[in-house]
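These are the residues of each chain, in order.
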Amino acid sequence: MSDLESIGLFGDARRAERGAWMLDRIVSTGSVVIRRIGEDRAGEMAAHRFLSASDVTAAEIIETVAARTGELCRGRRIVAAQDTTEINFSGRDRARRGLGPGGDGRTPGFFIHDMVAVDADDEAVIGLLDAAIWTRPPGGAAGPRRSRPIEEKESHRWLDATRRAAERACEASQLIVVGDRESDIYPLFARRPAGTELVVRAAQNRALEDGGLLFAQASQWPALGSYEVKVAPRGPGDKGRIATVTLRAGPIGIKRPRNGADRADPPSLDLHLVEALEEAPPTGAKALHWRLITSLPATDLPDAAEIVRLYRLRWRIEQTHRALKSDGLGLPDVQLHDADRLLKLSAIGLVAAVRVIQLVDARDGSSRPAIDVADDDTLDAAEAIGPTLERKTARQQNPHPPRSLAWLAWIVARLGGWNCYYKPPGPKTMRAGWDRFAAMAAGFLLAKHQLSSTRGPT
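This is a predicted model, so every value here is computed, not measured.

This next bit is on the packing of aromatic side chains. The final tally for this structure, using the stated rule, is five aromatic pairs. Measuring from centroid to centroid gives 6.3 Å for Phe-89 and Phe-110, while their planes differ by 40 degrees, and the two rings are tilted. Remark: Phe-110 occurs in strand 3 (residues 108-119) and Phe-89 occurs in the loop between strand 1 (77-88) and strand 2 (100-101); sequence separation between them is 21 residues. Pair check on accessibility: Phe-89 and Phe-110 agree, each one buried. Sitting above the plane of the Trp-21 ring, Arg-18 keeps its charged end 4.6 Å from the centroid. Against the face of Phe-215 rests Arg-291, its NZ or CZ located 4.2 Å from the ring centre.

Pasting the structure below:
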């Protein structure tokens, strides 16, 4: 088993192999339901034993995969998109053990705060860069929320993820952490790691040093020009749309909040604001209106347009959550009752969701190297398998550069039943193809190893 396939060592080579098998099965079946992962009774029991092992932890799974993603960020300009999602079991809570209250304070569930690394230039997903998975204690935290230091609040997750991203992607040429309105907290700006930039959608109508308020600030600036923004699909059947927005931008000085602020944080911060306003939305569509606070310079049209483009890449984390939940792997439908096993399965599911997104992306010709999702030995197997899938016509030959992600995706799609004609292969085809590819690659590598052992050292 290669390091790239590994999701952890777990103190035992057999458990490490079982973890890699679990990941491949989730990707290929498109499900985290244990019966589908296991395929038969023996496989089902093997999956349960793996998740029940005390040496198997969600923390090791995340750390293993995130460290590998950090290495892949080397030399790249990276957008690290982060967000929180809730997994609740409303109507499916019978016999659940160890779960805390969900967002409504009653329904059993847990929370995932994760971050994916995206190449800022070609917008390809590189991998999972961080994740925290937790349950809330019954009854919630004691004391008024505003009086508690941020270290005692769940909102500290935004700072923790940003810090870990800076550590893991320390060799990126640039790291830009992007978050939605929930991440609009003063300490995130005040304590951002050196060399890390931020783009955050404003939620608070903050007081400014000049005596004004944030939300009114941009209206005082002249329009820089217009820009077309790709609005991400909101779910199955939604193809998204293009919004034409008017951009305004300029410097701002935000003041430290009067209530609940840590006096150790600076009394003010010099940042920039970019406003993107859709002035003529289509009939029935809600106008796009983003106010983006950033540590990056933004004073002219190219700067402002780039900030908006970088923020738009946040949809990659939303896409990951959809792939993990009901629109994809179906995590909320899992019948596991024990919280500890659920959290471990969620960690593997996150890795699998990112893998599926990478493969579907690659079908359209990504120039990213295939090493993003497979190691050199596995790619050797792909080089042997690939030619057997090609036919005589030009459309039935792999058109992509060898060992590129698009080249590997073409092989996987062919194994999933795609005939090179009609519409591009979808997630179901890619998952089925990955199942066959993983089995064929394992057989290839086993035969290669046996042949090497028979021949002996040369």
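A separate point is the environment of Thr-429. Here Thr-429 shows up in helix 13 (residues 427-455). In this structure Thr-429 comes out as partly exposed when scored by relative accessible area, which is 22%. Counting along the chain gives 401 residues from Thr-429 to Ser-28, while the straight-line C-alpha distance between them is 9.1 Å. Non-local contacts of Thr-429, meaning those with residues more than four positions away in its chain, are made with Val-412, Ala-413, Gly-416, Gly-417 and Trp-418.

For the rest of this paragraph, the subject is the nonpolar core. Ranked by size, the top nonpolar core spans 101 residues in total, and within it Phe-110, Leu-345, Ile-348, Leu-408 and Phe-437 carry the most contacts. Sorting elements by how many residues they give to this core places helix 10 (residues 339-362) first, with 16 residues. Among residues more than four places away in sequence, those in contact with Ile-348 are Ile-7, Met-22, Leu-23, Ile-26, Phe-50, Leu-51 and Ile-61. If you look at the next biggest cluster of nonpolar residues, it comprises 35 residues, including Val-177, Tyr-186, Phe-189 and Leu-273.

So, about the environment of Pro-101. Relative to the assigned elements, Pro-101 resides in strand 2. Overall, Pro-101 belongs to the buried group, its relative accessible area being 16%. Once residues lying within four places of it in the same chain are set aside, the contact partners of Pro-101 are Arg-106, Thr-107, Phe-111, Arg-136, Pro-137 and Pro-138.

This structure, assessed with the given rule, holds 33 salt bridges. Residue Arg-314 pairs with Glu-318 through a salt bridge whose shortest N-O separation is 2.3 Å. Glu-318 matches Arg-314 in its accessibility class, with the two residues each being buried. As a salt-bridge pair, Arg-403 and Glu-383 come within 3.1 Å of each other at their nearest N and O atoms. Residue Arg-403 is found in the loop between helix 11 (376-385) and helix 12 (405-415), and its partner Glu-383 is found in helix 11; the two are separated by 20 residues along the sequence. Judged by relative accessible area, which is 25%, Arg-403 ranks as partly exposed.

Each value, and the rule that gives it
- By convention here, each chain's residues receive numbers from 1 onward along its written sequence.
- Where local features are concerned, this predicted model is filtered to residues with pLDDT of at least 70; where side-chain atom pairs are given and counted, the filter is 80 or more; whole-chain, interface and lining totals use all residues.
- The side-chain numbers reported here are obtained from all heavy atoms of the structure, hydrogens and water having been left aside.
- Any two of the Phe, Tyr and Trp rings considered here, Trp counted by its six-membered ring, make a pair once their centres fall within 6.5 Å; the pair's planes then place it as stacked at under 30 degrees, edge-to-face at over 60, or tilted in between.
- Secondary structure counts use DSSP, requiring at least four H or I residues in a row for a helix and at least two E residues in a row for a strand, with both numbered from the N terminus.
- Relative accessibility under 20% of the residue-type maximum defines a buried residue, over 50% an exposed one, and the middle range a partly exposed one, all with a 1.4 Å probe and only protein chains included.
- Both a distance and an angle decide whether a charge sits over a ring: NZ of Lys or CZ of Arg must be within 6 Å of the ring centre and within 35 degrees of the ring normal.
- Contact between two residues is taken to exist if any of their heavy atoms lie within 4.5 Å; hydrogens are not considered.
- Take the buried residues of types Ala, Val, Leu, Ile, Met, Phe, Trp, Tyr and Cys, join any two whose side-chain atoms come within 4.5 Å, and each joined set is a nonpolar core.
- Any carboxyl oxygen of Asp or Glu that lies within 4 Å of a side-chain nitrogen of Lys or Arg is treated as forming a salt bridge with it.

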